[in-house]
Amino acid sequence: MICLLSSAKSHLLAFRPQNNVFPFLPHSCLKFNHQMARSALDEMSDSGAFQRTASTFRNLISRDPNSQFPAESGRYHLYISYACPWASRCLAFLKVKGLDKAISFTSVKPIWERTKDSDEHMGWVFAATPTEEPGADLDPLNGAKTIRALYELASTNYTGKYTVPVLWDKKLKTIVNNESAEIIRMFNTEFNDIAENPSLDLYPPSLRAQIDETNEWIYSGINNGVYKCGFARKQEPYEEAAKQLYDALDKCEEILAKQRYICGNTLTEADIRLFVTLIRFDEVYAVHFKCNKKLLREYPNLFNYTKDIYQVPGMSSTVNMAHIKRHYYGSHPSINPFGIIPVGPDIDYSSPHDRDRFSS
Ligand SMILES: N[C@@H](CCC(=O)N[C@@H](CS)C(=O)NCC(=O)O)C(=O)O
């Protein structure tokens with residue numbers, strides 16, 4: 001397996017780590033499959049369970065002006081898909097931190113297409129004209145046709161998946177980072193000199209241990225849990241994932257009966273990470289990923305909580321339900337061969353909620 005450590009384009013380094021373990025990367029990045037998957041649909045273990053591979057580009061932007069990737073206004077660009085929950089959490093941070101003027105962004109089209117004539121890969125593509133697909137755009141920086149082309153610009157021998165989000169450095173013309181969990185941390189702290197909302201700390205030191213602990217069970221039970229349900233190819237791993245998912249949702253419902261947000265009465269990173277899955281739940285996951293034991297709108301606290309987060313200034317602009325539905329129902333032919341998009345339920349998340357019964 002080849003993995004790439006990205007620094008600047010000219011310093012890209014391909015190497016083979018011992019035992020597939022990277023001594024310098026965070027825990028979440030340590031284990032790799034023997035072959036890098038090309039698409040989420042290939043990330044399957046022998047037991048039929050879905051196994052997500054780790055992200056590859058892991059450089060960090062720093063507030064230190066002497067660092068390799070300093071937090072400068074206008075230097076970085078975020079490539080997203082509105083459909084993707086991981087990319088959407090980055091866009092949510094960009095919006096709520098007030099980084100619109102400092103960091104530009106572009107969304108691809110929602111439905112995967114062939115990315116090259118010479119192979120079968122299906123992935124994210126940019127719009128060909130400004131009016132082709134509302135919400136999607138052309139690549140304004142590199143004129144790339146696909147997200148794959150950006151990975152190939154950043155590295156000539158990249159063999160992993162071509163995922164969004166991609167945080168791009170316009171100056172060094174390379175990918176800084178493609179791991180949303182790290183991008184949101186950078187957006188939270190490193191751009192505070194130029195953010196319009198610098199005092200909003202979504203990962204405050206006093207709550208870090210609690211946020212980390214919460215993120216862990218929410219990631220495995222809910223964020224990744226819905227994918228484990230949807231991409232399972234055998235009954236047993238599906239049922240295991242569904243049990244873990246509903247145990248975690250029940251736990252959230254119980255917590256949210258007592259407090260406004262998932263880590264207390266302050267909005268944190270953990271809420272945004274949970275929100276991006278909840279907002280897709282009834283519209284997509286309940287049907288497409290077979291998460292139908294209970295709907296989000298059957299959980300009074302979780303449902304009202306989802307509306308509450310949706311109504312945080314800036315958040316609603318990160319939710320493009322047309323892209324979300326078109327992507328999932330249209331890009332996974334093994335799950336939905338005819339690409340039919342269900343008509344409902346068309347929930348209005350801007351309607352009143354009861355969460356201000358808690359002080360915040
Ligand atoms: N670890 C990544 C995961 C990103 C991810 O899985 N993105 C999906 C879209 S939701 C993707 O781009 N998939 C492309 C593919 O599977 O080929 C992150 O959180 O940033």
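Residues numbered from 1 in each chain as written. Predicted model: local features only at pLDDT ≥ 70, side-chain atom pairs only at ≥ 80, totals over all residues. Heavy atoms only, no water.

- Naming follows an unreviewed UniProt entry, where the protein chain appears as GST C-terminal domain-containing protein of Turnera subulata.

1. What about the packing of helix H4 (residues 208-223) against helix H7 (residues 269-288)?
Phase 1 of the analysis: H7 packs onto H4 with a crossing angle of 10° between their chain directions and a minimal axis gap of 9 Å. With respect to H7, the axis of H4 lies roughly parallel. Residue-level contacts link Ile211, Thr214, Asn215, Ile218, Tyr219, Ile222 and Asn223 of H4 to Glu269, Ala270, Arg273, Leu274 and Thr277 of H7. (Axes fitted to C-alpha atoms, helices over the stretch in contact; angles between N-to-C directions. Helix = DSSP H or I, 4+ residues; strand = E, 2+ residues; numbered from the N terminus. Parallel < 35°, antiparallel > 145°, perpendicular 65-115°, else oblique. Contact = heavy atoms within 4.5 Å.)

2. Topic: the side chain of Glu253
Phase 1 of the analysis: Examined against the element boundaries, Glu253 turns out to sit in helix H6 (residues 235-255).
Phase 2 of the analysis: Buried and unpaired, Glu253 has Lys294 as its nearest opposite-charge partner, separated by 6.5 Å.
Phase 3 of the analysis: Separated by 3.0 Å, the side chain of Glu253 and the backbone nitrogen of Asn301 make a polar contact. (Buried < 20%, exposed > 50% of the residue type's maximum accessible area, 1.4 Å probe, protein only. Lys, Arg positive; Asp, Glu negative; His and termini not counted. Salt bridge = Lys/Arg side-chain N within 4 Å of Asp/Glu carboxyl O. Polar contact = N/O pair within 3.5 Å; in protein donor to acceptor, adjacent residues only side chain to side chain.)

3. Digging into the pattern of salt bridges
Phase 1 of the analysis: Summed over the entire model, instances satisfying the criterion amount to 19 salt bridges.
Phase 2 of the analysis: Between Glu113 and Lys109 there is a salt bridge, and its shortest N-O distance comes to 2.8 Å.
Phase 3 of the analysis: A salt bridge links Arg185 to Glu269; its shortest N-O distance comes to 2.7 Å. Taken together, the residues Arg185 in helix H3 (residues 180-189) and Glu269 in helix H7 connect sequence positions 84 residues apart.
Phase 4 of the analysis: Shared partners join several salt bridges into a network, and the residues in it are Lys116, Asp119, Arg148 and Glu152.

4. Regarding the UniProt feature "binding site: glutathione" (unreviewed entry) in the protein chain
Phase 1 of the analysis: Residues annotated in UniProt with the feature "binding site: glutathione" (unreviewed entry) correspond here to Trp124, Lys161, Tyr162, Thr163, Val164, Glu179 and Ser180.
Phase 2 of the analysis: Secondary-structure assignment places Lys161 in the loop between helix H2 (147-154) and strand S7 (166-169).
Phase 3 of the analysis: For Tyr162, the location among the structural elements is in the loop between H2 and S7. (UniProt positions renumbered as here; feature names shortened; annotations may be inferred.)

5. So, the packing of aromatic side chains
Pairs of aromatic rings are described using the distance from one ring centre to the other and the angle between the two planes.
Phase 1 of the analysis: A full pass over the atoms with the stated rule returns 24 aromatic pairs.
Phase 2 of the analysis: Taking the centre distance of 5.7 Å and the plane angle of 90° together, the rings of Phe289 and Tyr328 count as edge-to-face. Of the two residues, Phe289 sits in the loop between H7 and helix H8 (300-310) while Tyr328 sits in helix H9 (residues 321-331), which places them 39 residues apart along the sequence.
Phase 3 of the analysis: What makes Phe289 buried here is its relative accessible area of 0%.
Phase 4 of the analysis: For Tyr328, a relative accessible area of 1% gives the class buried.
Phase 5 of the analysis: Taking the centre distance of 6.1 Å and the plane angle of 50° together, the rings of Tyr310 and Tyr349 count as tilted. Here Tyr310, found in helix H8, pairs with Tyr349, found in the segment after H9; they are 39 residues apart in sequence, far enough to count as distant.
Phase 6 of the analysis: Relative accessible area serves as the criterion here: at 3%, Tyr349 is assigned to the buried category. (Phe/Tyr/Trp six-rings, centres within 6.5 Å; stacked < 30°, edge-to-face > 60°.)

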